[in-house]
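Commentary on secondary and tertiary structure
One letter stands for each residue in the lines below.
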Amino acid sequence: MDNLGVFDRSRPLPTGQELQQADGTAWMGFYCTQMLEIAMELAIHNPVYEDVASKFFEHFIGIADALNNIGGRGLWG
């Protein structure tokens, strides 16, 4: 789950084709949901993790909002 590729993105591919790939934004969204799940599980036994869970939820919402509003249309528009 690394965002580094074997190609130098600043140069064209030797075949003349174009390489398109997602950046780390999707990975960070996934990371937030996984950390949220872990924090919620820990909060069952120790309430101090409730704040951690809410923070990861806020981060995920921020990432989703950014993707949905890219260029005024969103990534999917």
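Structure first, text after, so check above.
These numbers come from a predicted model, not from an experiment.

**Quick look at the pattern of salt bridges**
Inspection of the entire model under this criterion finds 1 salt bridge. For K55, the salt bridge is made with E58, and the minimal N-O distance between the two is 3.1 Å. Pair noted here: K55 and E58 are both in helix α2 (residues 49-68), with a separation of 3 residues, about one helical turn.

**Observations regarding the packing of aromatic side chains**
Applying the stated criterion across every chain, the model contains 2 aromatic pairs. Measuring from centroid to centroid gives 5.4 Å for W27 and Y31, while their planes differ by 15°, and the two rings are stacked. Remark: Y31 and W27 occur in helix α1 (residues 25-45); sequence separation between them is 4 residues, near one turn of the helix. A relative accessible area of 34% places W27 in the partly exposed class. Judged by its relative accessible area of 31%, Y31 falls in the partly exposed class. Aromatic side chains Y31 and F56 sit 6.1 Å apart centroid to centroid with 80° between the ring planes, which places their arrangement in the edge-to-face category. Of the two residues, Y31 sits in helix α1 while F56 sits in helix α2, which places them 25 residues apart along the sequence. Relative accessible area serves as the criterion here: at 16%, F56 is assigned to the buried category. One aromatic cluster is present, formed by W27, Y31 and F56 through successive ring pairs.

How each quantity is defined
- Residues numbered from 1 in each chain as written.
- Predicted model: local features only at pLDDT ≥ 70, side-chain atom pairs only at ≥ 80, totals over all residues.
- Heavy atoms only, no water.
- Salt bridge = Lys/Arg side-chain N within 4 Å of Asp/Glu carboxyl O.
- Helix = DSSP H or I, 4+ residues; strand = E, 2+ residues; numbered from the N terminus.
- Phe/Tyr/Trp six-rings, centres within 6.5 Å; stacked < 30°, edge-to-face > 60°.
- Buried < 20%, exposed > 50% of the residue type's maximum accessible area, 1.4 Å probe, protein only.

Structural measurements only, silent on function.
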